[in-house]
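# Residue-level structure breakdown
Residues per chain, in single letters:
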Amino acid sequence: MTGALLLAMMTAPAAAALACIVVRRPRVVELINLIASAICFGCAVPLAALSASGPYHYWDGYIVLDMPGSWVLLCSAIVYFLASIYSVGYMRLLGEDEKLWNFYTLFAVFALTVLLSAVMNNAGLYWIVIELTTLVSTFLVCFERVAESIEAAWKYIIVVSTGISLALLGTVLFYWAGSLVLGPTYDMTWDALRGAAPSMNAPLATLSFLLVLVGYGTKVGLAPMHTWLPDAHSESPAPISAMLSGALLNGAMLGIFRYLTIADAAGIGGLARTTLVAFGVFSLLIGALFIVRQSGIKRLMAYSSIEHMGVVALGLGFGGLLGIAGALYHMLNHSLNKSLMFFGAGNVMRSFGTKDISGIRGVADKFPVQGALWLAGAVAITGAPPFGLFLSELVILRAGLHQSYIWAVLAMLVLLIVIFIGFLNHFRAMYFNDGPDDMAQPRQLTAWCVAPMWLALMPLLVLGVWWPAGMWDHFMAIATTMSGAKP
Amino acid sequence: MLIAHLDPLASSIFSLMAIASLVLAFVMLGSRWLNNYLYAFAAESWMIAVLSAVVGYYGEYPEFYLVAILTAFFRGLFLPYLVWRIIRRLNVAREIHEILQPSSALVVGAFCVIFALVVAYKVGGSLGLAGTVAVLALTVMLSMNLIGFLMLAVRHEALSQILGLLVLENGIFLGAQILVPGMPLFIEIVILFDLLIVVACFGVLVQYLVVHVGSTSSLELKRLVG
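Residues numbered from 1 in each chain as written. Chains lettered and ligands numbered in written order. Predicted model: local features only at pLDDT ≥ 70, side-chain atom pairs only at ≥ 80, totals over all residues. Heavy atoms only, no water.

## Focus on the overall build of chain B
We apply this condition: Helix and strand labels come from DSSP, where a helix needs a run of H or I of at least four residues and a strand needs a run of E of at least two; each type is numbered from the N terminus. Relative accessibility under 20% of the residue-type maximum defines a buried residue, over 50% an exposed one, and the middle range a partly exposed one, all with a 1.4 Å probe and only protein chains included. In what follows, residue pairs with any heavy atoms lying within 4.5 Å of each other are defined as contacts. Residue burial considers only the protein chains on display, and all accessible areas are found by Shrake-Rupley using a 1.4 Å probe.
Assigned secondary structure in chain B consists of seven helices and zero strands. The buried share of chain B, reckoned over its 226 residues, is 60%. Within chain B, contacts between residues separated by at least 24 positions form 78% of all contacts whose residues are at least 6 apart in sequence. As presented, chain B carries roughly 8800 Å² of accessible surface, and 70% of it is formed by carbon and sulfur atoms.

And the structure:
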């Protein structure tokens, strides 16, 4: 059952990519990609539920469906589905019909690589898949072929490839550390590494972990390795920004989580966690500083992604039941919310014809429905109740108090408040400041552009007031099996 | 483990190849001409290919002969050829934008090696491998990484950055072959192909850079800030 679902989930985008190459008719490729994403989403929900009785291994153990993996799979599939709906509307606005098959082929392959990264059981293969996500998404980032997006793509591939090569170095050194325990040749699965970890040499394991953390941290966008992120997220088409932010970052964060459990088992958890917490706080700081003084609308969202990845890093770094539950819950909330924010940003960007916050004025009057949705999303993403992010951030704060990371909790609180004020101040300006009189009347948007915003906001609201029991059990199981936290 | 009981000849060949690669990394660091970079990189890849074959011979890993052939072909011939074609098409013969003079870069590179040596000694010492080829391999691996980073940081020509990245990965490759020869083969092959894709991507991107930005220097990439 799970095997069939997993296979369907991976085949759908692969088949869609092939079909897009063959068909090439703009309206048809939209539909193909939409169907593939719906299949992925349809498979991801039962997989998340079924993974509780796992883990399931496939293909000689190269593929694994375990609980954290299935959770990330669910987050990614949701974003893929929402972004596919949105891209139907958004890509029509760009008026690049003849290149559309190209876009959807890359889009489907990108989704495939992101989904695959969540089920890779071999640390080496995981690295390869993460590298592939970079290569594919580079071409999506520079899809619009203007100087800015080429610049963003160049920075993206250089910074991320360099960063990720450190993760490769770390992976090799981890293999070495493992080979001193398990013998020269073994399958480098997460379980094997975790099993060998208690007898690993501590300095070598520390060196390896730090390299891996910096490497995958680059991909996650933890400051100070975040420099590619605002450029890539702001210059790619809006659905791709949502995928990069909502799906890809989680996929890389999963790797950090898996290595963190290995570090715990190796007895170097204290140092590993403190480093991760420090990266988290620094990401929040960078996010806060750049959010307050931001002038580009999509860059604002990108820095908010850095902030939220910092929050997830803090949750994982604090650890314990609450920390892990909060971090995983935050991943889902952030995926939903950031999709909503990028969709809204793409909409106003296209209708006002500018990326500058100063050029976007009077949103409340001109777009009553869509504007209200986007504003609600902005309130949600700054961590205000009654939305999901409030709940997950609260849980992470509590986790920090439990694990006596008081300094980090205080820093997080202060920075979240700064971000709340800074972020919403931009929205105040966009919604309630009047623009110049001669401002062009904005373009109206189709339902394709607004419907996914509804679809993202509703669950966010529900998750804010009701934490489903099944979800809590899922997190508890992950926390107890993966990192040995005691209930 | 291979490196723990190695006969002296093998150990000397390993050391020779590792050190030769490191020296070639310095050649790249000290040169201004893109063509020289490229020759040094190709030579370095050949060193690594020879190393693979030697590891395969002494460690009795027959599949390493395949890795050696692939390394020599892809990294020693095909990748340099691709980069050479880009160089010719772009008409950039030398690095003119460096932040650091090649001579100063050499000094900084030397400090990188010292740092790598200290780290390798510490790790090697704690594993009880002090004085073996493992420490040397780790040193070369880490210092080639650092030199790769240095090249990325102080050079601005797009091609130098690609080559910096390749040196970085060469270092990892070299270290991996000595330290973990048992690491499943297919990963190494996939990484070879992966590199090929990387360079293909870079090639395409460099073309775009010329067409849309009008330059291949990353100093011109300054639209996106803040």
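After presenting the structure, the write-up continues.
## Quick look at the packing of helix 8 (residues 202–220) of chain A against helix 11 (residues 269–292) of chain A
Residues and elements named next belong to chain A. Our working rule: To define axes, lines are fitted to C-alpha atoms, for helices over the stretch in contact only, and angles between the resulting N-to-C directions are given on a 0 to 180 degree scale. Note that the term roughly parallel is reserved for angles under 35 degrees, roughly antiparallel for angles over 145, roughly perpendicular for angles of 65 to 115, and oblique for everything else. Working rule for handedness: look at the near helix, and if it is turned counterclockwise from the far one by less than a right angle, call the crossing left-handed; if clockwise, right-handed. Polar here means any residue other than Ala, Val, Leu, Ile, Met, Phe, Trp, Tyr, Cys and Pro, which are nonpolar, and Asp, Glu, Lys and Arg, which are charged; Gly is therefore polar.
One can describe the packing of helix 8 onto helix 11 by two numbers: an axis separation of 11 Å at closest approach and a directional angle of 20°. As far as their axial angle goes, helix 11 and helix 8 are roughly parallel. As helix 8 runs across helix 11, the sense of the crossing is right-handed. Counting all contacts with helix 8, which are made through Thr206, Phe209, Leu210, Leu213 and Val214, the residues of helix 11 involved are Leu271, Ala272, Thr275, Leu276 and Phe279. A breakdown of the residues in the contact of helix 8 with helix 11 according to their chemical character gives eight nonpolar, two polar and no charged.

## Details of the interface of chain B and chain A
Worth spelling out the cut-off: When two components associate, each loses some accessible surface as probed by a 1.4 Å sphere; the sum of these losses over both components is called the buried area. When a carboxyl oxygen of Asp or Glu is within 4 Å of a side-chain nitrogen of Lys or Arg, the pair counts as a salt bridge. Two N or O atoms count as a polar contact when they lie within 3.5 Å, although within protein this holds only if one can serve as hydrogen donor and the other as acceptor, and sequence-adjacent residues are included solely when both atoms are side-chain atoms.
Listed by partner, the interface residues are 50 residues for chain B and 49 residues for chain A. Across the interface of chain B and chain A, roughly 4400 Å² is buried in total on both sides, 79% from carbon and sulfur atoms. Taken together, the connections running from chain B to chain A amount to zero salt bridges. The interface formed by chain B and chain A holds two residue pairs in polar contact (both at pLDDT 80 or more) in total. Of all the elements in the fold, those that place two or more residues in the side of chain B that touches chain A are helix 4 (102–127), helix 5 (133–154), helix 6 (158–179) and helix 7 (185–213) of chain B. Per-element tally for the side of chain B that touches chain A: the top contributor is helix 7 of chain B, with 16 residues. The residue inventory of the side of chain B that touches chain A, partitioned by class, reads 40 nonpolar, six polar and four charged.

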